[in-house]
Amino acid sequence: MRLLIHLRRLIWPSVLLLVSAGLVIFDQDVEPRVGLSLRLPGGVVGCLAAAWLGSRLFGLFADRRRRDKRPYPRLFRDLVAVLLFFAAIVASAALLLEQGLLGALAGSSLILAVLGFAIRNVVADTLSGIALGVEAPYRIGDWVDIEQVARGKVIEIGWRTTRVLTLDSTYMILPNSQIARRRIINYSAPKPQYRAQLSLKLAHEVPVDAAKEMILKAVGEARLIQTEPAPDVRVQELGSDGNSYAVRFWLSRFERDVDCRDELLSLIDRAMRKAKVPTPRMQIEMNRPRGKAMLPVDHETEVARIFGNPPAGAV
């Protein structure tokens, strides 16, 4: 049924192309009857019909080659259609002006150069949109992080702009040239499942094995993260002010990221308070030259310099 619907879209371009081809081929037989040569109009109509049919065929091919159920951007199909019709217009101009194809291309290129200089910013956005459409770093429905620009869900991809809906339901319209210069992180490709992590710091008094066991037990009570693959805990650093841990877990999709982090941090905090885990403390060692006494006022001044508090008795 779907194939029949697509084939119906090819009927009128095919009929128009056949009619124009017939006018060109049988012009000598038709001209005595109508008193007018239809070879030139038939050639112009044939060029436009061929471009029309080619764009429809490419659209059918793009629909059948779609890799998954997410909407595929129309930008690439529109670009192919524009190129086909531009070639048809150049060929038609060459036929009407009775000059070679190179002459028609030279005139068209001059006009395009003048227009391009006048609307260079629009051209930059459009060319960036074409590059994004060809490379396809993201699609409609993907959750992306555009460096220092936006973080959200792609809801529309156009010639000049890309529209993103953030986690705060803010509607952002971003020029494609700005996006093309930034680093893009796609959380939905190649699969919507991805791994995130939290960073924690616990005091030295808690052994590493005990800390990892306590964190894993707390994380095991979470309901929003995936159980397969299972979450894990890794030691990142044994620092002077405490040990750093990375809690790694898997999410089914990006929009759950904030809620999952809130749930995990709440469960870990509850477990730490229940086990009475001490908070990490910063250790500062003050050294002075041997055999040199330090007056109380000098000691308070040095402490104030380190911690940013005025010494006792200072105005």
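Located above this text is the structure these notes cover.
Being a predicted model, the structure only gives us computed values, none of them experimental.

1. Remarks on the pattern of salt bridges
Then, in step 1: Considering all chains together, one arrives at 8 salt bridges under this definition.
Then, in step 2: Of the charged contacts, one joins K201 and D241 as a salt bridge, the two residues approaching to 3.5 Å between their closest N and O atoms. Of this pair, K201 sits in strand β6 (residues 194-202) while D241 sits in the loop between β7 (232-239) and β8 (242-251), and the two are 40 residues apart along the sequence.
Then, in step 3: D241 sits in the partly exposed class, given a relative accessible area of 24%.
Then, in step 4: One salt bridge in this structure joins R248 and D232, with 2.9 Å as the shortest N-O distance. Taken together, the positions of R248 in strand β8 and D232 in strand β7 put the pair 16 residues apart, joining distant regions of the chain.
Then, in step 5: The class of R248 is buried, set by a relative accessible area of 18%.

2. Points about the packing of aromatic side chains
Then, in step 1: Summed over all chains, the structure comprises 4 aromatic pairs.
Then, in step 2: Taking 4.4 Å as the distance between ring centres and 20° as the angle between the ring planes, the aromatic pair formed by Y187 and F254 counts as stacked. Residue Y187 is found in the loop between β5 (184-186) and β6, and its partner F254 is found in the loop between β8 and α10 (257-274); the two are separated by 67 residues along the sequence. An identical accessibility class is assigned to Y187 and F254; each is buried.
Then, in step 3: With 6.1 Å between their ring centres and 35° between their planes, Y194 and F254 make a pair best called tilted. Here F254 lies in the loop between β8 and α10 and Y194 lies in strand β6, a separation of 60 residues in the sequence.
Then, in step 4: On the basis of relative accessible area, Y194 is assigned to the buried category, the value being 12%.
Then, in step 5: Ring pairing ties together the aromatic residues W143, Y187, Y194 and F254, which thus form one cluster.

3. A few points about the sheet that holds strand β3 (residues 161-166)
Then, in step 1: The 5 strands lie next to each other as β4-β3-β2-β1-β5, forming an open sheet whose pairing is antiparallel. The sheet is open, and its two edges are formed by β4 (171-175) and β5, each paired on a single side. Averaged over neighbouring strand pairs, the angle between their axes works out to 40° when direction is ignored.
Then, in step 2: Two elements, strand β2 (residues 150-157) and β3, share 5 bridges in a ladder whose sense is antiparallel. The residue bridging K153 from the neighbouring strand is L165, located in β3.

4. Points about unusual backbone geometry
Then, in step 1: Put simply, A189 and P190 share a cis peptide bond, and its omega is -5°.
Then, in step 2: Here P190 shows up in the loop between β5 and β6.
Then, in step 3: Here the amide bond leading from E228 into P229 is cis, since omega sits at -5°, within 30 degrees of zero.
Then, in step 4: Structurally, P229 can be placed in the loop between α9 (208-219) and β7.
Then, in step 5: Phi is positive for A136, which is not a glycine, with a value near 55°.

5. Some points on the sheet that holds β6
Then, in step 1: Here 3 strands make up an open sheet; going across it, the order is β6-β8-β7 and the pairing antiparallel. Looking at the sheet topology across the chains shown, the edges are occupied by β6 and β7. Neighbour-to-neighbour, the strand axes of the sheet open up by a mean angle of 20°, direction not taken into account.
Then, in step 2: Summarising the sheet, β7 and β8 pair through 7 bridges and their orientation is antiparallel. Residue L238 lies in a different strand from β8, and its bridge partner there is N243.
Then, in step 3: Along the sheet, α10 contacts β6 and β8; its crossing angle with β6, the most-contacted strand, is approximately 30°.

6. As for the pairing of β2
Then, in step 1: In this structure, strand β1 (residues 143-146) lies alongside β2, joined through 4 bridges in antiparallel fashion. In the sheet register, V144 faces β2, and the bridge partner there is G152.
Then, in step 2: Connecting the antiparallel pair β1 and β2 is a turn made up of 3 residues, with Q148 showing a positive phi of about 60°.
Then, in step 3: The hairpin turn running from β2 into β3, its antiparallel successor, is 3 residues long.

The rules behind the values
Residues numbered from 1 in each chain as written. Predicted model: local features only at pLDDT ≥ 70, side-chain atom pairs only at ≥ 80, totals over all residues. Heavy atoms only, no water. Salt bridge = Lys/Arg side-chain N within 4 Å of Asp/Glu carboxyl O. Helix = DSSP H or I, 4+ residues; strand = E, 2+ residues; numbered from the N terminus. Buried < 20%, exposed > 50% of the residue type's maximum accessible area, 1.4 Å probe, protein only. Phe/Tyr/Trp six-rings, centres within 6.5 Å; stacked < 30°, edge-to-face > 60°. Pairing = 2+ DSSP bridges. Axes fitted to C-alpha atoms, helices over the stretch in contact; angles between N-to-C directions. Contact = heavy atoms within 4.5 Å.

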